[in-house]
Amino acid sequence: LTGASKSFEKALNFDLALSSVVSSFALAVGLSWEAAMKAATAAVIAALPIQQLKQYEAMVKTAVGLASFVCMLPVWFRKIAPQAHQNVTNIRGVLDQGTQTVMRLMPMP
């Protein structure tokens, strides 16, 4: 392999490794979020003043989960989704620049 292709291979391996690390952190955040929501739902149910509702714990958990979803979804669409879209656009631009650089360094026959 030539020096440029070795460099390119190392860059691809680094990108793959970095992508794996980012995915791992995303999984950890997702699991933490799920555990926090589970604990918060249990605390809400434990604090219910009406004893009869505690008998229907599964239905109350479902209702609390749906209420959380309804409250969080609009905020997610307004705040998080646009940032994710912007990041994807930025990443595509960086990848396009990288591809152009590689094509200049390693012209195809």
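Residues numbered from 1 in each chain as written. Predicted model: local features only at pLDDT ≥ 70, side-chain atom pairs only at ≥ 80, totals over all residues. Heavy atoms only, no water.

### Regarding the overall build of the chain
The helix and strand inventory of the chain stands at three helices and zero strands. For the chain, the N- to C-terminal ordering of α and β elements is α-α-α. Split into buried and exposed, the 109 residues of the chain put 7% on the buried side. When the accessible surface of the chain is split by element, carbon and sulfur atoms take 70% of a total near 9200 Å². (Helix = DSSP H or I, 4+ residues; strand = E, 2+ residues; numbered from the N terminus. Buried < 20%, exposed > 50% of the residue type's maximum accessible area, 1.4 Å probe, protein only. Areas by Shrake-Rupley, 256 points an atom, 1.4 Å probe, with all protein chains shown as cover.)

### Examining a nonpolar patch on the surface
Taken together, the side chains of Phe69, Val70, Leu73, Trp76, Phe77 and Ile80 define a hydrophobic patch exposed on the protein surface, amounting to about 610 Å² of accessible area. A relative accessible area of 31% places Leu73 in the partly exposed class. (Patch = residues over 30% accessible without salt bridge, like charges linked within 9 Å, V, L, I, M, F, W, Y side chains within 5 Å. Salt bridge = Lys/Arg side-chain N within 4 Å of Asp/Glu carboxyl O.)

### Notes on the packing of aromatic side chains
Taken as a whole, this structure holds one aromatic pair when the rule is applied. Ring geometry for Trp76 and Phe77: centres 5.2 Å apart, planes at 75°, overall edge-to-face. Using a relative accessible area of 40% as the deciding quantity, one classes Trp76 as partly exposed. (Phe/Tyr/Trp six-rings, centres within 6.5 Å; stacked < 30°, edge-to-face > 60°.)

### Describing the confidence of the model for the chain
With 70% of its residues at a pLDDT of 70 or more, the chain shows a mean pLDDT of 76. Within the chain, the element-level pLDDT minimum falls on helix α2 (residues 51-54), averaging 70, and the maximum on helix α1 (residues 3-46), averaging 80. (pLDDT = per-residue confidence, 0-100.)

### Focus: the side chain of Thr41
The topology assignment puts Thr41 in helix α1. Thr41 gets classed as buried once you look at its relative accessible area, which sits at 13%. The contacts of Thr41, once residues within four sequence positions are left out, are Lys61 and Val64. (Contact = heavy atoms within 4.5 Å.)

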